[in-house]
Amino acid sequence: MTAFGIDLGTTNSSISWLKEGKPTPILVDGHPIMPSVVMYDADRVVVGREARNLELQRPDATIRSVKRRMGQEHQYLAAGRSVTPEEVSAEILRALKRGAEEVTGQAVNDVVVTVPAYFDDAQRRATLKAGELAGLNVLRLLNEPTSASLVYDQVAEAEAAPEIVMIYDLGGGTFDVSILEVVEGVREVRATAGNTHLGGDDFDEALVQLFVEELRQSGASPKDDARAMARLRRLAEDAKIRLSSDTEIRVREEFLCRDDRGRPVQLDRTVTRRELERRIAPLLESTIALCRRAVDDARLSGQSLGRICLVGGSTRIPMARALLTEAFQADIHEEIDPDLAVALGASVQAGMLTGIDVERILVDVAAHSLGVRVVSEGDLEREQPDTFAPVLRRNTVLPATRTEEYYTMSEDQEEVDVEVFQGEAPRCSQNACVGSFTFALRPAPADSPVRVEFAYDLNGVVRVSVSQPGTDNAKTVALSVADAGRAAQGSAEQSAVERKARGLLSKLTGDDRAELEALLESYVASEGTERQVAEEALLDFFLDLEDLEQDGGEP
Amino acid sequence: MNWFRRLFTPGREPTPALLEAPAPVPPWALDLLEGVQKAGRAQARAMARIEALESKLEGGFADLRSRVSPRPAAALSFDEVLDAMDILDEACRTLEGAGNAPAAQGLRGVVDRLQRFLARMGLTRVAEPPVTLDGRLFRAVGIVERPDLADGAPAQVVRAATLAGERVVREGEVLINRRP
């Protein structure tokens, strides 16, 4: 017997199942998420991507965001037909069922369907009715935050003691926050809050406005040009995604529109993460205010927030996480693909209800935050700054690359000490030092940016790259993070450097392999200072190899 | 004061004043330390290379054989090429609109060449507005007014769709006509 989990979302929906005991998303029409859009044509019903694509052409026949109408006495008129919200939702469920059957080759009958925690009885009954109309046996309606917390529990062992968990769900068009109390596997939603009209689309719009303002300075009026606006919207979404991992990107769109004298206008500029953050800060801060309200409403009375689990694609924006860290002293989890967490959790629940053993989800994550020593306002009156600025945070899925920007202290500062620490304390002195090096700076005014990039691989080796934007001045050093932690624990296990070297051996041939074998042999045979030198030689070798790969060569 | 400074969002704060640090380590000492470390590493790597050469001279030709074996071609992505072709189409339209037909024609020739290259790679680019909108191939992303076209008809392609056989590998975007 196989059971499936369905996230019936406002903007997008998805379906998952337990494949050999592991929660697994199912690709419907080749995509893990399907737009919750239904179009009624004369002789057929179109659902998902195709319906979304035709929406602008056939707005009278297309229905989206039906979830907002569930439980209401509402009749949609679409292409001459009268349909209820339940019937529209049933079409979405039918499309997911059909898609999943094609992919898995199994009949989709028993399902768990998720609903918002704030759904009332009428809304829940309407969802059950939709399932029935779609020919599904709805085993249970599961609250969305409960579903997300279930799947996160498959990653980390749940606390035995009562635990308070926040589910922060920032999607494409809606924001929900829920406070859950988990006691011996029983989950109770203590409070919810949200904004039904806030999400990733608003962040895209902020960037579109930035580009429009820029183009106006060139004498263009892109808002009057449908083609230019369509290109700008695509560009904005792409830029937003790239700015989640880069601090600065270049956007370029040639022949975008024409100016008031008929000449072609190009958009060519850099966009910094700071610029995006300045524009979306009020929106993100409003989500934090809602989180505080939910925490207050939950009346925790002495209990404190244990974990925050991130759900929804827009939680990939670094500022969302930074604001949560600042506002709540709780461990933040983002190990699960935020677009799929709710559906995956529903498949876990479906497995539990049908007696299928659910396996743990194994995800490699950073066990500790990694960051650098910086000066902040808290360091006034100190001889040496002690502020720890995380660059790559705890629980980040590995391998990962994260970039942050910091600033010089004085005019023509000659160099900067790059001191890398790991830990969760806000002070460097309370965290473990991983390594340090000096980076010589080119002359520049005070407050000039210096970029720090951490590339952390599965073997616990972090490649720290420091650069001065606008110049070719850059330096990269490899540090063994796992070994720093291991040394502190006094363990005698195989080191991260050795593990990485052995893992690479099978992939290399010829000179590269011979060189690595020799370096590894020398590393294993040496002790003390000699071993340190041998380790650095190995780390240099890894760097050279990665450079070669980036240049297009094969390892 | 050789430190990073953190910038707080959304605005910048003035640089905080630190107490004067104790006498810094003389620059020559740091240079010396870095030099010693580099020399150590270079020596370790040189030794490793010598040992590798020795092993090869001793008859380890297997490595040599594997070294000359052909490497698999890097996976190619055509996204950049397809983006560039969309922009070339846009440039052609701009030039035609500005009355520079010969230049537009020249650019069209370039687009045709690239299109032939893609065809050899098994890709079909659909850059002309289809007669009827196929939602599997194109997404309607905007509206224009074209009195010569039927209401709702695809009027202009913003982004060409691309097929590999019957499979859509890149969804296109079109503007549709809306009669006032």
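Values in this document were obtained by computation on a predicted structure and should not be read as measured data. Counting starts from 1 at the beginning of each chain's written sequence and moves along it residue by residue. The naming scheme follows written order: chains are lettered A onward, ligands numbered 1 onward. At least 70 in pLDDT is required for a residue's local features to be given in this predicted model, at least 80 for side-chain atom pairs to be given and counted, and no such filter applies to totals for whole chains, interfaces and linings, which use all residues.

Colleague: Please explain the domain arrangement of chain B as it appears in this structure.
Modeller: Put simply, an interface is often sized by how much accessible area is lost when its parts join up. All names here are of chain B. Taken domain by domain, chain B comprises domain 1 (38-121) and domain 2 (123-180). Whether two residues are in contact depends on their C-beta atoms, placed from the backbone: they are in contact if these lie within 7 Å. Each partner contributes to the interface: domain 1 provides nine residues, whereas domain 2 provides eight residues. What counts as a helix is a DSSP run of H or I of at least four residues, what counts as a strand is a run of E of at least two, and both are numbered from the N terminus. At the level of secondary structure, the elements contributing two or more residues to the side of domain 1 that touches domain 2 comprise helix H3 (79-97) and helix H4 (101-120). In terms of residues, the side of domain 1 that touches domain 2 owes the most to one element, H3, which gives four residues. Under the convention adopted here, Pro, Cys and the residues Ala, Val, Leu, Ile, Met, Phe, Trp and Tyr are nonpolar, Asp, Glu, Lys and Arg are charged, and Gly plus all remaining residues are polar. Considered class by class, the residues forming the side of domain 1 that touches domain 2 number six nonpolar, one polar and two charged. An automatic or database domain assignment supplies the start and end points of every domain.

Colleague: How should I be thinking about the sheet that holds strand S2 (residues 123-126) of chain B in this particular structure?
Modeller: The strands making up a sheet are joined through hydrogen bonds of the backbone, oriented either antiparallel or parallel. All names here are of chain B. DSSP-based pairing: two strands are paired if at least 2 bridges between them are found. What the three strands build is an open sheet, ordered S2-S5-S6; its pairing is antiparallel. The open sheet terminates on both sides in strands that have one partner only, identified here as S2 and strand S6 (167-170). Between one strand axis and the next, the sheet turns through 35 degrees on average, direction left out of account. Two elements, S2 and strand S5 (residues 161-164), share four bridges in a ladder whose sense is antiparallel. When the sheet's bridge partners are listed, Thr-124 is paired in S5 with Leu-163. Axis geometry follows a simple rule: fit a line to the C-alpha atoms, using only the stretch in contact for helices, then measure angles between N-to-C directions, giving values from 0 to 180 degrees.

Colleague: Help me understand the pairing of strand S24 (residues 449-456) of chain A in this model?
Modeller: Looking down a regular strand, the side chains alternate between one sheet face and the other. Residue and element names in this part refer to chain A. Alignment of strand S21 (residues 400-407) against S24, held across eight bridges, turns out to be antiparallel. Counterpart to Glu-404 in the pairing with S24 is Val-452. Where S24 lies against strand S25 (residues 461-467), six bridges are found, and the strand directions are antiparallel. The partner of Arg-451 across the bridge, within S25, is Ser-467. Linkage of S24 to S25, two consecutive antiparallel strands, is achieved through a turn of four residues, within which Gly-460 is found at a positive phi near 85 degrees.

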